[in-house]
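Okay, here's what each chain looks like letter by letter:
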Amino acid sequence: EDQVTQSPEALRLQEGESSSLNCSYTVSGLRGLFWYRQDPGKGPEFLFTLYSAGEEKEKERLKATLTKKESFLHITAPKPEDSATYLCAVQAGGGSEKLVFGKGTKLTVNP
Amino acid sequence: NAGVTQTPKFQVLKTGQSMTLQCAQDMNHEYMSWYRQDPGMGLRLIHYSVGAGITDQGEVPNGYNVSRSTTEDFPLRLLSAAPSQTSVYFCASSYGQGHGYTFGSGTRLTVV
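Now for a description of the structure that goes with this document.

What counts as what
- Residues numbered from 1 in each chain as written.
- Chains lettered and ligands numbered in written order.
- Predicted model: local features only at pLDDT ≥ 70, side-chain atom pairs only at ≥ 80, totals over all residues.
- Heavy atoms only, no water.
- Helix = DSSP H or I, 4+ residues; strand = E, 2+ residues; numbered from the N terminus.
- Rg over C-alpha atoms; globule rule 2.2 N^0.38 Å.
- Buried < 20%, exposed > 50% of the residue type's maximum accessible area, 1.4 Å probe, protein only.
- Contact = heavy atoms within 4.5 Å.
- Areas by Shrake-Rupley, 256 points an atom, 1.4 Å probe, with all protein chains shown as cover.
- Lys, Arg positive; Asp, Glu negative; His and termini not counted.
- Charge placed at Lys NZ, Arg CZ, Asp CG, Glu CD.
- Polar contact = N/O pair within 3.5 Å; in protein donor to acceptor, adjacent residues only side chain to side chain.
- Buried area = accessible area lost by both parts, 1.4 Å probe.
- Salt bridge = Lys/Arg side-chain N within 4 Å of Asp/Glu carboxyl O.
- Nonpolar A, V, L, I, M, F, W, Y, C, P; charged D, E, K, R; others polar.

1. A few points about the overall build of chain A
When its secondary structure is counted, chain A shows 0 helices and 11 strands. In sequence order, chain A lays out its α and β elements as β-β-β-β-β-β-β-β-β-β-β. Radius of gyration (C-alpha) of chain A: 14 Å, near the 13 Å computed for a compact globule of 111 residues. Projecting the C-alpha coordinates of chain A onto the three principal axes gives extents of approximately 45 × 30 × 20 Å. Residues counted as buried form 45% of the 111 residues belonging to chain A. Across chain A, every contact between residues at least 6 apart in sequence was considered, and the portion connecting residues at least 24 apart equals 55%. For chain A, the computed accessible surface area is about 5400 Å², with 47% contributed by carbon and sulfur atoms. Averaging the coordinates of the 14 positive side-chain charges in chain A and doing the same for the 15 negative ones gives two points 2 Å apart.

Structure representation (structure tokens):
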């Protein structure tokens, strides 16, 4: 069974304090690993797709990396506006369109 | 460019009532999905479609029906609402084949 586990559940940072969020997964043939940001009362907002181990993608203060068992979302010098819940999801190969989501990491960045 | 539009944003139903949650996208995406989000459970797939006229069940399909008569629209029908269907519902669309999904802003449904 495909599974995604995100840690920590919640993370509090001071503005400028860099850190990483973890997404561990088990999937039968990874087609893609997705990172989303979700603000309260809104739908998930797409950030990155990673397809194979060793791949990295960056967007502003965010950098996502992928290994065969986990993905990290590195946040460099975060700002209060980076506060949100970050969701990780995997999509298995074999033609499935199902995304399996983790429960998310709630990030709070204090000024 | 509106993206994925969901209506209504909020709804309260009595147990046993039926209703349809509307979803429309203007990105010409072939793939569309419905998820529900519950506290402590994460997002779970209800039904999905890979094109007009084609639908399939996801992880939690019981109590819900879908149809896809056009590329743009993918309505979700609750046949006989139950308190266990109290949740936030998200519609999403994608080009598929490993591309990221674009989500709507959600419908918050309460069944009393």
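2. Brief notes about the side chain of His-47 of chain B
Residues and elements named next belong to chain B. Of note, His-47 is situated in strand 5 (residues 42-51). Classification of His-47 by relative accessible area gives buried; the value is 6%. Of note is the side chain of His-47, whose polar atom sits 3.1 Å from the backbone oxygen of Tyr-64. Apart from residues lying up to four places away in sequence, His-47 is in contact with Ser-33, Trp-34, Asp-56, Gln-57, Gly-58, Pro-61, Tyr-64, Asn-65, Val-66, Phe-74 and Leu-76.

3. A look at the interface of chain A and chain B
Listed per partner, the contact involves 19 residues of chain A and 21 residues of chain B. Across the interface of chain A and chain B, roughly 1500 Å² is buried in total on both sides, 57% from carbon and sulfur atoms. Summed over the three residues of chain A that lose the most area to chain B, namely Glu-97, Lys-98 and Phe-101 of chain A, the buried surface amounts to 35% of that side. The tally of links from chain A across to chain B stands at 0 salt bridges. Summed over the shared surface of chain A and chain B, the number is 4 residue pairs in polar contact (both at pLDDT 80 or more). Broken down by secondary-structure element, the contributors of at least two residues to the side of chain A that touches chain B are strand 4 (30-38), strand 5 (45-50), strand 9 (84-92) and strand 10 (99-101) of chain A. Of the residues forming the side of chain A that touches chain B, the biggest block, 4 residues, is contributed by strand 4 of chain A. Its residues assigned to classes, the side of chain A that touches chain B comprises 8 nonpolar, 6 polar and 5 charged.

4. So, unusual backbone geometry
Put simply, Ser-7 of chain A and Pro-8 of chain A share a cis peptide bond, and its omega is -10°. Even without a glycine there, the phi angle at Ala-77 of chain A is positive, about 45°. Tracing the chain through its elements places Ala-77 of chain A in the loop between strand 8 (70-75) and strand 9. Residue classification places Ala-77 of chain A among the partly exposed positions, given a relative accessible area of 36%. The phi angle at Asn-28 of chain B is positive, at roughly 60°, despite the residue not being glycine. With respect to the helices and strands, Asn-28 of chain B occurs in the loop between strand 3 (19-25) and strand 4 (31-38). The exposure class assigned to Asn-28 of chain B is exposed, which follows from its relative accessible area of 56%.

Limitation: the analysis is restricted to geometry and does not speak to function.
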